[in-house]
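# Coordinate inspection notes
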Amino acid sequence: MQSWLWLPLAFGSAFFAALVAVFGKIGITKTDTTLATMVRAAFMFLLLLGVTVATGKLSGLNDIGRRELGWIALAGLAGALSWICYFAALRVGKATNVAVIDRLSVVLVIALAALFLGEKVTLKSALGGAMMVAGAVLVALA
């Protein structure tokens, strides 16, 4: 992958994540949030299955080692728990407030990546993380 390709993909991720907050808030007005999360996951599965088949990558399923599968499974469980909390928060809170607090996961990634992955926390990343926390608090209190 080219070194710059991550940037438009990251912006795409941010754009679609924003749509999740807006569409999700509208979609759960009369629906149980856990049920809504399950339906959302089913649609995600179908789309991802289609993309995987269309790109010819399904055969790689047999190449996933047990250790990697375990970590992927844990990531899946963490993602499901995240979305259960996210949709429940959307039910009772403003989409803007929920989304900005949810995005504090970036700050948590900085800390967890340092602890578990050995990634270096620089002065810039620490200050940036602190500014993200301050910005999230300001947006959530607005």
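First, a word on scope: everything that follows refers to the structure included in this document. Position numbers for residues start from 1 in each chain and track the written sequence from start to end. Where totals are concerned, whole chains, interfaces and linings use all residues; where local detail is concerned, this predicted model gives features only for residues with pLDDT of at least 70, and gives and counts side-chain atom pairs only at 80 or more. Based on all heavy atoms of the structure, the side-chain values leave hydrogens and waters out of the count.

### What about the pattern of salt bridges?
Spelled out, the test is: Salt bridges are defined by distance alone: a side-chain nitrogen of Lys or Arg within 4 Å of a carboxyl oxygen of Asp or Glu. Residue exposure (1.4 Å probe, protein chains only): buried if accessible area is under 20% of the type maximum, exposed if over 50%, otherwise partly exposed.
Applying the stated rule across the entire model yields one salt bridge. Arginine 103 is the salt-bridge partner of aspartate 102, the closest N and O atoms lying 2.1 Å from each other. According to the relative accessible area criterion, aspartate 102 is partly exposed, its value standing at 24%. Judged by relative accessible area, arginine 103 falls into the partly exposed class, the value being 31%.

### Quick word on the packing of aromatic side chains
Using the following cut-off: Two rings from Phe, Tyr or Trp (for Trp, the six-membered ring) form a pair when their centres sit within 6.5 Å of each other. Planes less than 30 degrees apart are called stacked, planes more than 60 degrees apart edge-to-face, and all others tilted. By definition, any uninterrupted DSSP run of H or I lasting at least four residues is a helix, any uninterrupted run of E lasting at least two residues is a strand, and each is numbered from the N terminus. Whether a charge sits over a ring comes down to the Lys NZ or Arg CZ being within 6 Å of the ring centre and within 35 degrees of the ring normal.
For the structure shown, the criterion picks out four aromatic pairs. Judged by centre distance (6.0 Å) and plane angle (80°), the ring pair of tryptophan 83 and phenylalanine 87 falls under edge-to-face. Placement of both tryptophan 83 and phenylalanine 87 in helix 3 (residues 66–92) is noted, with a separation of four residues, approximately one turn of the helix. The exposure class assigned to phenylalanine 87 is buried, which follows from its relative accessible area of 5%. Taken together, a centroid distance of 6.4 Å and an interplanar angle of 40° make the contact between tyrosine 86 and phenylalanine 87 tilted. Across the pair, exposure class does not vary: tyrosine 86 and phenylalanine 87 are buried alike. Directly above the ring of tryptophan 83 sits arginine 40, whose terminal nitrogen or CZ lies 3.7 Å from the centroid.

### Quick word on the side chain of threonine 33
What counts, and what does not: Contacts were defined at the residue level, with two residues in contact if any of their heavy atoms lie within 4.5 Å.
The residue threonine 33 is located in helix 2 (residues 33–54) in this model. When its relative accessible area of 12% is taken as the criterion, threonine 33 is described as buried. Excluding anything up to four places from it in sequence, threonine 33 contacts Ile28, Phe87, Ala88 and Arg91.

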